[in-house]
Amino acid sequence: MARRLAIYSALLLIAVCFLLPFTWLLISSVQPGSGLSAKVTWEFSLVNFQDVLNAETVFRPMLNSVIISGSTAIFTAVVATFAAYPLSRYRTRFGRGFLYIILFATGLPITAVMVPVYAMYSRFNLIDSVPATIAFMTASALPFAVWMMKNFMDSVPLNLEEAAWTDGAGWFQSLHRIVLPLMVPGLTVVFIFTFVLQWGNFFVPFILLLSPEKQPASVTIYTFFSQYGQVAYGQLAAFSILYTVPVILLYSAVSKVLGGAFSLTGAVKG
Amino acid sequence: MTATTPTLPPAVRGDTSAPRRDRGRGLRRLVPLLPALVLLALFFAGPMLWSVYTAFTDAALSGSGAVEFVGLANFDRMLHDPAFWNSILLTLIFVVGSAVIGQNTLGLLLALLMRGRNRVTRNVVNGLVLAAWAVPETVAGFCWYAFLHRTGTLNELLQHVGLSQNWLYTAPMVAVIFANVWRGTAFSMLVYDAALSDVPPELMEAASIDGASGWQKLRYVTLPLIRRSIVSNLMLITLQTLAAFGLIFVMTGGGPGNASQTTPLYMYEQSFKFYELSYGTAMALVLLVVGALFSAIYLRLIRLED
């Protein structure tokens, strides 16, 4: 009994510690004129949300985020599906080597790659270009996406395709007609996961996109913070909540698809 | 050659034993890999190889003027740059403090404590820990900035004890370490939760019958059984923490002075604020090599099924 009490108090303490840093962000967002001081005034109003819900502060950056993360997620899912097919279906020496490189690349620090990428982009005049930013984001998201997609594809049984292969179907037909319909959940997970990761990606667009009207919310919210964070924390909090809600919704959707368990860490179990 | 039965393990698939004349066909089968290969070569391998070249030149960000080959000058400068060594030391403290000790231990502790708890408890604790992980890193930074502010939540709670202070100035490293533990523990918790569910319950029962205490069971049964997960997890969280930028940048910007300027922040300052592109690239190369080492160790550990 004493043991159970100790465990529950430990869990309660940890839970409170995880909750505390969120509290002022949540509270100040509905308090008019709130700043950084955690002084609760018991006034409730949505004025902070009204103040930031305009084209310049929230709508345009969020639209940019949708465009940038959405295109990255679409391209990544498509390219990763193609790449995963031969890796999952045929066992060749080249395929194995490629898988090792893919896994190796998932570990490399993207932050460190950004300096040479910036240098390369400025040389070819690609700085401040949205398509070029999407291209880099797709490339950097690919290693993990290919790895996930290959694992999902491995669980689709091979015998269904054998009939198609005997009938002379090529890889595209087998993939499109037989494999893909059976792995819609896997495809959804890869798409959502890439989308969420790029939605929160701060460093890459911060370095590659310079004009405020092209920047996604992850960058403009930082600009907002450095300009008004001290005086209008309530507005920043409202903006943060609007920017975070899609992520929370999509994460819950993913955990539904995976049946409650987040198996993104499956690759780690070793 | 594709007549494998469904019961065979996936490794049996394929045609490594295919005759020579099928080589053209084998290559054709790799066609779907092409888009991924091209993208990775252009935007991933390309810049990295280019960084090897730039690190040995005197290129500046403005781009004008002739680029000269300077050999090891950038690396020599790094060796004698106290700010660089300061950043390496801080990165080490950050990685060991927040990942190896903080996230790893707290993640394991949470996974252990949550075993056999009722659903409500699991959902609430899981939900909070996962929420800290799911929020974008800038937002996590804003949360902690306000939490630790001179008149923020933590100081409101501590004022009765007389400990309130501006934590981001008095203890910036402690602040960013705690913030990163808060943010990253979910990953370790998920890894250990999965690993613990693979530990056979019979073994734990047998240990109980032999009269092992809770601690002995953990030390002599559980930990040895999940040691591969522990090492993999350590490698992965080290890799994730090594290049952390956004959270520290938002909370302290590397300051005050350079009291929390880890290597990624120093690299950013040199490359994009002082336009010392080649020096920044040399530092990026060092980070990449360290990352590559950890990544290679991780690869050896997980071994692809043969």
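In this report, we go over the structure that sits alongside the text. (Residues numbered from 1 in each chain as written. Chains lettered and ligands numbered in written order. Predicted model: local features only at pLDDT ≥ 70, side-chain atom pairs only at ≥ 80, totals over all residues. Heavy atoms only, no water.)

Check the secondary structure of chain B and you find 15 helices and 0 strands. A total of 306 residues make up chain B; the buried ones form 52% of that total. Taking as baseline every contact in chain B between residues at least 6 positions apart, the subset at least 24 positions apart corresponds to 68%. (Helix = DSSP H or I, 4+ residues; strand = E, 2+ residues; numbered from the N terminus. Buried < 20%, exposed > 50% of the residue type's maximum accessible area, 1.4 Å probe, protein only. Contact = heavy atoms within 4.5 Å.)

Right, let's get into the pattern of salt bridges. All names here are of chain B. Using the criterion set out here, one finds 6 salt bridges over all chains in the structure. In this structure, the salt-bridge partner of Arg77 is Glu276, at a minimum N-O distance of 3.2 Å. Remark: Glu276 occurs in the loop between helix H14 (263-273) and helix H15 (277-302) and Arg77 occurs in helix H3 (residues 73-79); sequence separation between them is 199 residues. For Arg77, a relative accessible area of 34% gives the class partly exposed. Put simply, Arg115, Arg122 and Asp193 are held in one network by salt bridges that share partners. (Salt bridge = Lys/Arg side-chain N within 4 Å of Asp/Glu carboxyl O.)

All names here are of chain A. Located in the positive-phi region is Asn125, a residue other than glycine, with phi close to 60°. Relative to the elements of secondary structure, Asn125 occurs in the loop between helix H5 (110-123) and helix H6 (130-154). Unlike most non-glycine residues, Asp128 shows phi in positive territory, near 70°. Its place among the elements puts Asp128 in the loop between H5 and H6. Using a relative accessible area of 16% as the deciding quantity, one classes Asp128 as buried.

Moving on, we come to the environment of Val96 of chain B. Residue and element names in this part refer to chain B. Secondary-structure assignment places Val96 in helix H4 (residues 82-114). The class for Val96 is partly exposed, based on a relative accessible area of 35%. Sequence separation between Val96 and Leu79 is 17 residues; the distance between their C-alpha atoms is 23 Å.

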